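A closer look at the structure
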Amino acid sequence: MSVETKLERGIVVIQLKGELDHHAVERIRDRIEQQLAENGYRGLVMSFRNIDFMDSSGLGLILGRYRSVTEHGGKMALCEVNPTLRRLFEMSGLLKVIPVYDSEEAAVAAILGA
């Protein structure tokens, strides 16, 4: 599992690659929280373009970051979700809480426009 982070117009963008399972979640969670704290919790976009597998601990990671961001007054969006993950997100109810966009650019723009 690898994680790339970048800042796009004040929004933290996380690009995940590989398998998002319980072994990877703690390390990733801490890295995301560090980036959010350093950049003011304005917004978070998580890209799933390169995720091969995700278990329920990945859902916990997403929902935990959503809670963290919104408690600080920020916005969160997901992007580039493949059909398998989209189904998982739909079944879990995640899509009722966090919007999903086709691209990072669209997700960042939606947060900035909100």
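Predicted, not measured: the structure shown is a model, and the values here were computed from it. Position labels on residues start from 1 in each chain and follow its written sequence. Only residues with pLDDT of 70 or above have their local features reported here, since the model is predicted, and side-chain atom pairs are shown and tallied only from 80 upward, although totals for entire chains, interfaces and linings are computed over all residues. The side-chain figures draw on all heavy atoms in the structure; neither hydrogens nor water molecules are used.

1. Observations concerning the sheet that holds strand E4 (residues 75-79)
- Each pair of strands is called paired provided DSSP finds at least two bridges between the two strands. Only runs of H or I of at least four residues qualify as helices and only runs of E of at least two qualify as strands under DSSP, and these elements are numbered from the N terminus. Here we have 5 strands laid out as an open sheet, ordered E1-E2-E3-E4-E5, and mixed in their pairing. Each edge of the open sheet carries a strand with a single partner, namely strand E1 (2-8) and strand E5 (100-101).
- Relative to strand E3 (residues 43-54), strand E2 (residues 11-20) runs parallel, the two being bridged by 8 bridges. Across the sheet, the residue bridging to Glu-19 is Phe-53, located in E3.
- Running over the sheet, helix H2 (residues 56-71) touches E2, E3 and E4 and is turned about 180° from E3.
- It only takes one pair of heavy atoms within 4.5 Å for two residues to be counted as in contact. Orientation is described by axes fitted as lines to C-alpha atoms, over the contacting stretch for helices, and by angles from 0 to 180 degrees between their N-to-C directions. Contacting E3, E4 and E5, helix H3 (residues 83-92) runs over the sheet at an angle of about 115° to E3.

2. Digging into the side chain of Asp-55
- Its location among the elements puts Asp-55 in the loop between E3 and H2.
- Here the term buried applies to any residue with accessible area under 20% of the maximum for its type, exposed to any over 50%, and partly exposed to those in between, with areas from a 1.4 Å probe on protein chains only. In this charge count, Lys and Arg are treated as positive and Asp and Glu as negative; neither His nor the chain ends contribute. By definition here, a salt bridge exists when the distance from a side-chain nitrogen of Lys or Arg to a carboxyl oxygen of Asp or Glu is within 4 Å. For Asp-55, which is buried and forms no salt bridge, the nearest opposite charge comes from Arg-29, at a distance of 12 Å.
- Residue contacts for Asp-55: discarding those within four places in its chain leaves Leu-20, Asp-21 and His-22.

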